[in-house]
Amino acid sequence: MMIIKKMITFLKLEMTPSCQVSSIDRATYLCNSPVVGESRKKTADDLTDEDMTDLMIATTLVQDAVNRRCIEINEDKNSFVAWRNYNNPGLLFLHQLCLLIMFLLLLVEDPAVKRLDVEPYYYIPLSVEVLILLFFCFRLDQLRRSQGYENWKNPKNLIFSLAIALTFIDITVYVILREVEGVSVRPNPDGLERREIFRFMRALRPIFIICSEEKESMRRAVTNIWKTIPDILSVLLLLICSILLFALMALKLFGERDMTQYGAPSYYFKDYWNSFYDLYVLMTTANSPDVFMPAYNDSDGWMIFFMIFIILDTYIFMNLFLAVIYNNYKNNVKSDVENILGMKEYKLRRAFRIFQRVFGQVDYSMFKWLMEQTSNDRNGIKRNKNNKAYNLCE
């Protein structure tokens, strides 16, 4: 039913006047759209091989719009075939399974969970990891054939490729240090065991999730957080400077006083960085009231200092900082959603132009064929649902 609703939506958009429709690049699209001329009415039985190729491209565009895929594919048959192969349900499931296994390997790799330790057969998880990396290389090659080399060279794919290359190097170095005699593992007079070599490149494994084409929503969230950072630096600097100033004041006020008689530790505001850390924690209220009770026991007047700090940093600057983060993140997400919706409309309009060129008009035979091609239901869409959806579109 999702696909039927999407078809109803973009057919309504097509009948909407241009001045009422928002698009990411309507003018560019209309210039590049094929000219729709008068053509005889066709049915699914009259389609030629060229028509089937065009309809394959159109149905792929509809599926991309329904599944919110914003990737740009080359305008040729081979690229669209490679893209459809990339989105094969079996390969998509295998990709998810490989990501899961990649992280579960941490349970058996050294240092492993005691009951799951596979030593001395460390090459078993290593071989599984190599197979997974080769599968990731195959998936990247599918993307390259779909997008073309120029479009493929984007930061996401380059970072993914770099992570794979570094992991292969890490595996090679690990095997050499484990197996080749005469190689010094670590300069240690106690003779460190070879099995205690640590593979640092395992820290790159989250990149395989973030940079996977299937994890676009997660990647967008990370991207939006990254875009938010430059906008909050000024407020963050103000907050840090405020804590630094109060830390200096606390050092001068309490540094030379003996607060140990009131239960304070020996390092109580005795140096600048301890003062900064204590006040930073106080801003989060994690050490309140423990941090100011010794000063309060010494004199009630010292509470004025801590009250001013809490009001300024905890209730004003901290809330201002969170508000700026929320506002900028919301704006970035809004812009991102607008781009997604614009790309969906663009792809649906391209698909509609192809259908219009091939069939001459959008009739029931074309609509039924499209529903059968784009439906995820193996048994097809029921006839009464097709009739209802088509009547709504009309």
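Residues numbered from 1 in each chain as written. Predicted model: local features only at pLDDT ≥ 70, side-chain atom pairs only at ≥ 80, totals over all residues. Heavy atoms only, no water.

A. Representation of the packing of helix 4 (residues 77-86) against helix 6 (residues 123-147). Here helix 4 crosses helix 6 at 150 degrees, and the two axes come no closer than 7 Å. Regarding the angle of helix 4 to helix 6, the classification is roughly antiparallel. Considering only the axes of helix 4 and helix 6, their crossing is left-handed. Listed contacts from helix 6 to Ser 79, Ala 82, Trp 83, Asn 85 and Tyr 86 of helix 4 are Arg 139, Gln 142, Leu 143, Arg 145 and Ser 146. Of the residues in the contact of helix 4 with helix 6, the class split is 4 nonpolar, 4 polar and 2 charged. (Axes fitted to C-alpha atoms, helices over the stretch in contact; angles between N-to-C directions. Helix = DSSP H or I, 4+ residues; strand = E, 2+ residues; numbered from the N terminus. Parallel < 35°, antiparallel > 145°, perpendicular 65-115°, else oblique. Left-handed = near helix turned anticlockwise from the far one by under 90°. Contact = heavy atoms within 4.5 Å. Nonpolar A, V, L, I, M, F, W, Y, C, P; charged D, E, K, R; others polar.)

B. Geometry of the side chain of Asp 54. Counting through the fold element by element, Asp 54 comes out in helix 3 (residues 49-66). If sequence neighbours within four positions are ignored, Asp 54 has contacts with Ile 354, Arg 357 and Val 358.

C. The packing of aromatic side chains, seen in detail. Evaluated as defined, the whole model comprises 19 aromatic pairs. Aromatic side chains Tyr 149 and Trp 152 sit 6.2 Å apart centroid to centroid with 20 degrees between the ring planes, which places their arrangement in the stacked category. Here the residue Tyr 149 and the residue Trp 152 both occupy positions in helix 7 (residues 149-152), the gap between them amounting to 3 residues, near one helical turn. A residue is classified by how much of its surface remains accessible, and Trp 152, at 11% relative accessible area, is buried. Site record: aromatic cluster; members linked through ring pairs are Phe 246, Phe 254, Tyr 268, Phe 269, Phe 292, Trp 302, Phe 305, Phe 306 and Phe 309. Lying across the ring of Tyr 86, Arg 139 places its NZ or CZ 3.8 Å from the centre. (Phe/Tyr/Trp six-rings, centres within 6.5 Å; stacked < 30°, edge-to-face > 60°. Buried < 20%, exposed > 50% of the residue type's maximum accessible area, 1.4 Å probe, protein only. Lys NZ or Arg CZ within 6 Å of the ring centre and 35° of its normal.)

D. Fine view of the packing of helix 10 (residues 216-254) against helix 11 (residues 272-283). Running from amino to carboxyl end, helix 10 crosses helix 11 at an angle of 125 degrees, the nearest separation of the two axes being 8 Å. Of the possible angle classes, the one that applies to helix 10 and helix 11 is oblique. The two elements helix 10 and helix 11 meet at a crossing, and its hand is right-handed. Side by side, helix 10 and helix 11 meet where Leu 239, Ile 240, Ile 243, Leu 244, Phe 246, Ala 247, Leu 248, Ala 250 and Leu 251 of the first sit next to Tyr 272, Trp 273, Ser 275, Phe 276, Leu 279, Tyr 280 and Met 283 of the second. Of the residues belonging to the contact of helix 10 with helix 11, the class tally is 15 nonpolar, 1 polar and no charged.

E. Main features of helix 13 (residues 303-359). If you check helix 13, its first and last C-alpha atoms are 81 Å apart, about what 57 residues at 1.5 Å a residue would give, namely 84 Å. At Phe 317, helix 13 shows its strongest bend, of approximately 30 degrees. (Expected span 1.5 Å × (residues − 1). Bend = angle between axes of the 7 residues up to and from the residue.)

F. Broad picture of the environment of Phe 198. Inspection of the secondary structure puts Phe 198 in the loop between helix 8 (155-179) and helix 9 (205-210). Along the sequence, Phe 198 and Asp 110 sit 88 residues apart, while their C-alpha atoms lie 7.6 Å from each other.

G. Layout of the environment of Phe 306. Mapped onto the elements of the fold, Phe 306 is located in helix 13. Along the primary structure Phe 306 and Ala 295 are separated by 11 residues, whereas in three dimensions their C-alpha atoms are 9.6 Å apart. In contact with Phe 306, not counting residues within four places along its chain, are Phe 254, Tyr 268, Phe 269, Leu 279, Leu 282, Val 291, Phe 292 and Ala 295.

H. Quick look at the confidence of the model for the protein chain. Here the protein chain averages 77 in pLDDT, while 75% of its residues score no lower than 70. Averaged pLDDT values over the elements of the protein chain bottom out at 38 in helix 2 (residues 26-32) and peak at 92 in helix 5 (residues 89-104). Long-range and interchain partners of residues 10-39, a stretch whose pLDDT sits below 50, account for 37 contacts in this model, where long-range means more than four residues apart. Low pLDDT, under 50, characterises residues 186-192; the stretch is placed with 4 contacts to residues that sit more than four places away or in other chains. (pLDDT = per-residue confidence, 0-100.)

I. Molecular detail of the pattern of salt bridges. Taken as a whole and judged by the stated rule, the model has 16 salt bridges. Across the pair Asp 64 and Lys 347 runs a salt bridge whose closest N-O atoms are separated by 3.6 Å. On the criterion of sequence distance, the pair formed by Asp 64 in helix 3 and Lys 347 in helix 13 is long-range, its members being 283 residues apart. In this structure Lys 347 comes out as buried when scored by relative accessible area, which is 3%. Of the charged contacts, one joins Arg 199 and Asp 170 as a salt bridge, the two residues approaching to 2.8 Å between their closest N and O atoms. Here Arg 199, found in the loop between helix 8 and helix 9, pairs with Asp 170, found in helix 8; they are 29 residues apart in sequence, far enough to count as distant. Like Arg 199, the residue Asp 170 is buried in the burial classification. Here the salt bridges share partners, and the residues they tie into one network are Glu 109, Glu 129, Asp 170, Arg 199, Arg 202 and Arg 205. (Salt bridge = Lys/Arg side-chain N within 4 Å of Asp/Glu carboxyl O.)

J. Quick peek at the side chain of Asp 278. Note that Asp 278 resides in helix 11. Of the side chains bearing the opposite charge, Lys 270 lies closest to the buried Asp 278, which forms no salt bridge; the N-O distance is 11 Å. Those residues within four positions of Asp 278 in sequence are excluded, and the remaining contacts are Phe 269, Asn 287 and Val 291. (Lys, Arg positive; Asp, Glu negative; His and termini not counted.)

K. Seen up close, the nonpolar core. Counting residues in hydrophobic clusters, the biggest one holds 41 residues, and the most contacted among them are Leu 133, Phe 136, Phe 160, Ile 164 and Phe 208. Elements supplying a minimum of two residues to this core: helix 3, helix 4, helix 5, helix 6, helix 8 and helix 13. The leading source of residues in this core is helix 3, at 8 residues. In contact with Phe 136, other than residues within four places in its own chain, are His 95, Cys 98, Leu 99, Met 102, Phe 160, Ile 164 and Phe 208. Within the second largest apolar cluster, 24 residues are counted, among which are Phe 246, Ala 250, Tyr 268 and Phe 306. (Core = buried A, V, L, I, M, F, W, Y, C linked by side-chain atoms within 4.5 Å.)

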